[in-house]
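Working through the structure, step by step
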Amino acid sequence: MGCSLLYHLTRLGWRDVVLIEKNELTAGSTWHAAGLCTHFGHNLATMQMRAYSVQLYKRELAEDTGRPVGFHQCGALRITSSPARLDEFLYVRALGRCAGLEFHLVSPSELQALHPLADTANLLGALYEPWDGYVDPSQATHAMAAGARDAGAEIYRHVAVERIERTAEGEWCVHTPEGSIRCESIVNAAGTWAREIGAMMGIDVPIVPMLHQYVVTDRLAAVAALERELPVIRDPQQSWYLRQEGLGLIVGPYERIGQPWGIDGIPPHFGMELLPPDLARIESILLEVAGRVPALAEAGIKRIVNGPITFTPDAGPLIGPACGLPNAWLLTGSSMGIMEGGGAGKFLAEWISAGEPPMDALAVDPRRFGDYADRDYRVAKAMECFAHQYAIHFPYEERPAGRPKRKSATYAALLEAGAVFGSINGWERVNWFASGGQAAPVPLTFRRPEWFTRVGEECAAVRDRVGLTDMSHLSKFAVRGRDAPQFMASLGANQPPARVGAIALTHALTGSGGIRSEFTVTRLAEEHYYLTSAAAAEMHDFDLLRAHASRFGAVTVSNESARLGVLAIAGPHARELLSKLTEADLSNSAFPWMSARNILVAGLSVRALRVAYVGELGWELHCDADCQRDLFRELMRSGAAFGLSLFGAYAMNSMRLEKAYRAWGSDLTTERTPIEAGLMSFVRPGEREFAGREALASHASRPSPMRMALLELTGGSLDPFHGHPVLCGGSAVGIVTSASYGHRTGRRLALAYLNEGWEQQSGSPLEVQVLDELCSAGILPRAPYDPGNLRLRS
């Protein structure tokens with residue numbers, strides 16, 4: 001990954017770039033990797049990163065450098081006997097259409113023709129990826145290194161980094177036994193040693209090396225007799241891969257209980273060594289492989305490779321800024337560094353050069369983790385990820401390892417009330433409430449889940465009576481100081497609140513006008529603002545705000561996320577309920593929509609914001625976390641008279657889509673401007689200067705512009721969620737970014753970006769591909785629920 005970054009930086013014109021390696025360039029994991037390359041993924045950024053790697057290894061790298069790369073385009077198969085896995089394959093195939101990538105579902109007989117050594121008994125089918133294959137990791141690494149050197153980059157091998165420090169001028173200084181290097185920017189691409197380098201930089205890198213073994217066989221007569229190279233074959237249920245290696249085979253299992261290694265530090269002299277084989281750990285899986293590929297049973301073992309590969313808590317790589325460190329970057333943590341390495345290096349090179357990511361970076365941005373990702377958490381999650389390396393990625397899946405980590409003060413009370421929790425940024429967040437207060441495991445599925453009816457009941461309670469939910473997971477920040485008004489005026493595309501007590505929504509933009517962040521901004525005093533944003537954005541937004549503050553002399557930014565708890569009430573009886581607990585005037589004239597006041601509720605000091613993400617009359621009640629349990633108790637007690645019901649994130653998602661409210665991270669990303677997202681009402685430049693201003697003014701010249709639309713799906717029976725292609729005349733013209741069944745309206749709704757001018761491409765109507773169903777899709781001109789906003793303003 002480091003050589004890939006070096007190579008791609010030079011392709012962008014960088015010359016004063018240096019790579020330092022303590023051993024050989026492929027030391028750590030690269031030299032012993034199996035070299036598999038795939039396009040398969042569950043989000044577009046990962047898919048496109050992997051697709052570029054294949055493109056680079058297949059042709060571009062050898063043509064550019066004249067060096068051999070050793071790429072074999074043999075294709076790949078993922079086999080299954082599980083209907084749920086077939087649904088996953090349908091989803092990935094459809095997502096691939098949005099990226100222009102090719103995936104095919106094949107029958108057992110077609111599978112047999114593609115892989116004549118496979119026994120297809122009990123299989124339902126397979127996903128075939130014709131452009132997949134494998135590469136020689138060492139050849140690819142050295143080709144990129146040679147290309148970078150030829151362009152002027154420097155590489156120092158067998159030079160260990162001893163110390164890293166920031167200079168008084170804000171530069172970095174990297175100290176080695178051979179001397180020191182001063183630089184403007186530094187990138188930690190140290191792989192297995194990333195935690196050690198991170199500690200020198202002053203950050204905790206949440207990775208854990210896990211030991212992975214694969215077996216290389218002797219020559220097999222059945223393989224030697226073949227007329228063409230076998231495709232890679234994976235059995236995700238049994239958790240193994242198999243590919244041809246010369247006239248033998250390589251078999252790589254992922255056992256259910258993985259083995260962490262070097263948790264508290266890598267041995268100082270470790271470099272290109274392997275760990276002793278431990279056949280007992282993988283023997284049972286090897287027997288299963290032999291059942292699927294019988295020729296393997298005749299094979300002798302040539303060697304067993306047992307070496308470390310790195311895992312993060314969610315198995316995604318760390319690509320992007322190091323939180324809190326100016327001009328410091330991470331490019332590490334990939335458990336699939338060969339298949340992602342080519343694309344990852346290009347991704348970060350473009351980010352460093354342009355000052356913004358080339359595509360939505362949420363899945364790889366290192367700032368998706370916070371301080372909660374401590375030793376115990378990262379080890380538990382790494383072991384879980386290793387065991388789930390080939391597990392089905394269900395749309396509403398929540399994995400339990402390392403939890404609970406961050407809990408609001410109401411956690412125990414919510415659990416007692418039947419809360420079924422998910423996790424977001426380490427926080428336990430209620431997804432839905434089981435009836436009778438007894439939460440039992442619910443089967444995971446791509447189709448309508450068993451909690452559907454309960455979520456509908458939660459939505460009905462909010463619509464007809466009043467609902468209560470805990471939103472303590474929100475990211476919360478305070479901006480104070482003499483320069484706070486100037487800070488806020490230059491933060492985003494919207495004007496900040498002009499008067500004390502007013503609330504406004506603003507979007508911080510990239511230089512090209514993409515949406516970096518979305519903040520709800522409350523002006524608490526002339527020089528004091530309170531900002532909230534998405535839970536998953538906490539460290540990302542804290543980084544953004546601190547960087548923005550560095551431009552001003554008299555402003556401070558503090559992270560209030562853990563200090564404050566948030567309870568929200570919404571529904572037609574919200575005012576009546578709150579009036580039982582406060583003497584404050586809650587009338588429209590005294591407390592209008594989009595305003596805030598400090599009030600006493602049940603004798604507790606509360607910052608009340610009259611906003612509601614569900615589109616009903618409501619308030620968010622922000623208070624010290626120490627007081628939140630008491631506030632919850634009083635709301636529940638007084639709310640009984642109004643039929644108060646608890647509701648969770650699934651109900652909130654359903655209701656916000658009925659209002660066509662966008663969500664950061666899915667509907668709002670750096671790839672799209674507020675204009676494309678349909679948020680022109682929040683773009684009020686005035687005379688202010690802010691990032692992205694010029695780009696918005698020249699929006700018409702933006703490449704591949706898109707427009708967001710709210711779609712209603714008809715026909716079929718499946719509920720949409722995200723990542724579905726929008727089709728017109730059989731061609732992909734857009735993508736669904738978020739979707740749900742709208743329980744208050746009885747409609748299946750989806751927010752989607754559509755290509756500008758899609759209507760001219762075909763006279764056919766729009767359709768959305770949801771797994772194996774083609775659903776008709778109509779564009780709704782306005783939100784289907786309370787389009788005049790009468791309820792939330794009531």
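Residues numbered from 1 in each chain as written. Predicted model: local features only at pLDDT ≥ 70, side-chain atom pairs only at ≥ 80, totals over all residues. Heavy atoms only, no water.

Moving on to the packing of helix H2 (residues 44-65) against helix H5 (residues 137-150). At their nearest, the axes of H2 and H5 sit 10 Å apart, and the two run at 40 degrees to each other. Crossing angle aside, the handedness with which H2 passes H5 is left-handed. Of H5, the residues touching H2 (which contributes Leu56, Tyr57, Leu61 and Thr65) are Ala140, Ala143, Met144 and Gly147. Among the residues forming the contact of H2 with H5, the class breakdown is six nonpolar, two polar and no charged. (Axes fitted to C-alpha atoms, helices over the stretch in contact; angles between N-to-C directions. Helix = DSSP H or I, 4+ residues; strand = E, 2+ residues; numbered from the N terminus. Left-handed = near helix turned anticlockwise from the far one by under 90°. Contact = heavy atoms within 4.5 Å. Nonpolar A, V, L, I, M, F, W, Y, C, P; charged D, E, K, R; others polar.)

A few words now on the sheet that holds strand E9 (residues 172-176). The antiparallel open sheet is built from three strands, whose spatial order is E8-E9-E10. For this open sheet the edge positions go to strand E8 (163-166) and strand E10 (179-183), each flanked by a neighbour on one side alone. The average undirected angle you get between the axes of adjacent strands in this sheet is 20 degrees. The sheet contact formed by E9 and E10 spans five bridges and is antiparallel. Pairing of Thr176 across the sheet is with Gly179, part of E10. (Pairing = 2+ DSSP bridges.)

Now for the sheet that holds strand E17 (residues 318-321). Pairing between sheet strands relies on hydrogen bonds along the backbone, with the strands arranged either parallel or antiparallel. Taken together, the three strands give an open sheet; going across it, the order is E11-E18-E17, and neighbouring strands pair in mixed fashion. Sheet topology places strand E11 (186-188) and E17 at the edges, where each strand pairs with a single neighbour. Strand-to-strand twist across the sheet, computed as the mean angle between neighbouring axes with direction ignored, equals 20 degrees. Note that E11 and strand E18 (residues 328-332) share three bridges and pair parallel. The residue bridging Val187 from the neighbouring strand is Trp329, located in E18.

A separate point is helix H12 (residues 452-464). When the terminal C-alpha atoms of H12 are compared, their 18 Å separation across 13 residues agrees well with the 18 Å that a helix rising 1.5 Å per residue should span. Inspection of H12 places Phe452, Val455, Gly456, Glu458, Cys459, Ala461 and Val462 among the buried residues, and these make up the whole buried set. For H12, the secondary structure elements touched by its buried residues are strand E20 (427-433), strand E21 (467-470), strand E27 (564-570), strand E31 (645-646), helix H17 (649-658) and strand E34 (731-742). (Expected span 1.5 Å × (residues − 1). Buried < 20%, exposed > 50% of the residue type's maximum accessible area, 1.4 Å probe, protein only.)

Now for the environment of Leu668. By the secondary structure assignment, Leu668 is in the loop between H17 and helix H18 (693-697). Along the sequence, Leu668 and Pro725 sit 57 residues apart, while their C-alpha atoms lie 17 Å from each other. The contacts of Leu668, once residues within four sequence positions are left out, are His507, Ile515, Glu518, Arg662, Ala663, Ala677, Leu679 and Tyr753.

Here we come to the environment of Lys405. For Lys405, the position within the fold is in the loop between helix H10 (375-387) and helix H11 (411-416). Judged by its relative accessible area of 30%, Lys405 falls in the partly exposed class. Separated by 206 residues in sequence, Lys405 and Val611 place their C-alpha atoms 28 Å apart. Once you skip the residues sitting within four places of it in the chain, Lys405 turns out to touch Tyr372, Asp374, Tyr377, Gly426 and Glu428.

Moving on to H10. The terminal C-alpha atoms of H10 lie 18 Å apart, and with 13 residues this matches the ideal 18 Å at 1.5 Å per residue to within 8%. Taken together, the buried positions of H10 are occupied by Tyr377, Arg378, Val379, Lys381, Ala382, Glu384, Cys385, Phe386 and Ala387. Turning to H10, the residues buried within the fold contact helix H6 (194-201), strand E12 (208-217) and strand E16 (301-311).

Once that is clear, we can look at the packing of H2 against helix H3 (residues 83-99). Interhelical geometry of H2 versus H3 gives an angle of 70 degrees and a closest axis separation of 10 Å. Judged on the interaxial angle alone, H3 and H2 are roughly perpendicular. In the crossing of H2 with H3, the sense of the turn from one axis to the other is right-handed. Between H2 and H3, the residues in contact are Leu44, Met47 and Gln48 and Val92, Leu95, Gly96, Cys98 and Ala99, respectively. Here the residues of the contact of H2 with H3 are counted per class, giving six nonpolar, two polar and no charged. (Parallel < 35°, antiparallel > 145°, perpendicular 65-115°, else oblique.)

We now examine the state of the cysteines. Within this structure, the stated rule accounts for zero disulfides. In this structure Cys98 is not part of a disulfide, and its nearest cysteine sulfur, from Cys728, lies 14 Å away. For Cys98, a relative accessible area of 24% translates into the label partly exposed. The cysteine Cys775 is free of any disulfide, with Cys98 supplying the nearest cysteine sulfur at 14 Å. (Disulfide = S-S within 2.5 Å.)

The subject of this paragraph is unusual backbone geometry. Looking along the chain, the bond that leaves Arg403 and enters Pro404 is cis, with omega of -5 degrees. If you trace the backbone, Pro404 turns up in the loop between H10 and H11. At Asn122, a position not held by glycine, the phi torsion is positive, near 70 degrees. By the secondary structure assignment, Asn122 is in the loop between helix H4 (108-114) and strand E5 (125-129).

Turning our eyes to something else, we now look at the side chain of Thr737. Relative to the elements of secondary structure, Thr737 occurs in strand E34. A relative accessible area of 15% places Thr737 in the buried class. Within polar-contact distance, the side chain of Thr737 engages the side chain of Asp667 at 2.6 Å. If sequence neighbours within four positions are ignored, Thr737 has contacts with Ser666, Asp667, Met708, His722, Leu751, Ala752 and Tyr753. (Polar contact = N/O pair within 3.5 Å; in protein donor to acceptor, adjacent residues only side chain to side chain.)

Moving on, we get to the pattern of salt bridges. Within the structure shown, the criterion is met by 42 salt bridges. The residue Arg11 makes a salt bridge to Asp64 at a minimum N-O spacing of 2.5 Å. On the criterion of sequence distance, the pair formed by Arg11 in helix H1 (residues 2-11) and Asp64 in helix H2 is long-range, its members being 53 residues apart. Judged by relative accessible area, Asp64 falls into the partly exposed class, the value being 40%. Among the salt bridges present, the one from Glu616 reaches Arg744, with a minimum N-O distance of 2.9 Å. Taken together, the residues span a long stretch of sequence, with Glu616 in the loop between strand E29 (604-609) and strand E30 (618-624) and Arg744 in the loop between E34 and strand E35 (747-755) at a distance of 128 residues. Here the two residues Glu616 and Arg744 agree in accessibility, since each one is buried. Here the salt bridges do not stand alone but share partners, grouping Asp365, Arg367, Asp543 and Arg546 into one network. (Salt bridge = Lys/Arg side-chain N within 4 Å of Asp/Glu carboxyl O.)

Once that is clear, we can look at the pairing of strand E25 (residues 528-533). The buried fraction of E25 is high, at six of six residues. Covered by surrounding structure in E25 are His528, Tyr530 and Thr532 together with Tyr529, Leu531 and Ser533, the residues of both alternating faces. Relative to E25, strand E22 (residues 475-480) runs antiparallel, the two being bridged by six bridges. Looking at E25, one finds that Arg480 is bridged to His528.

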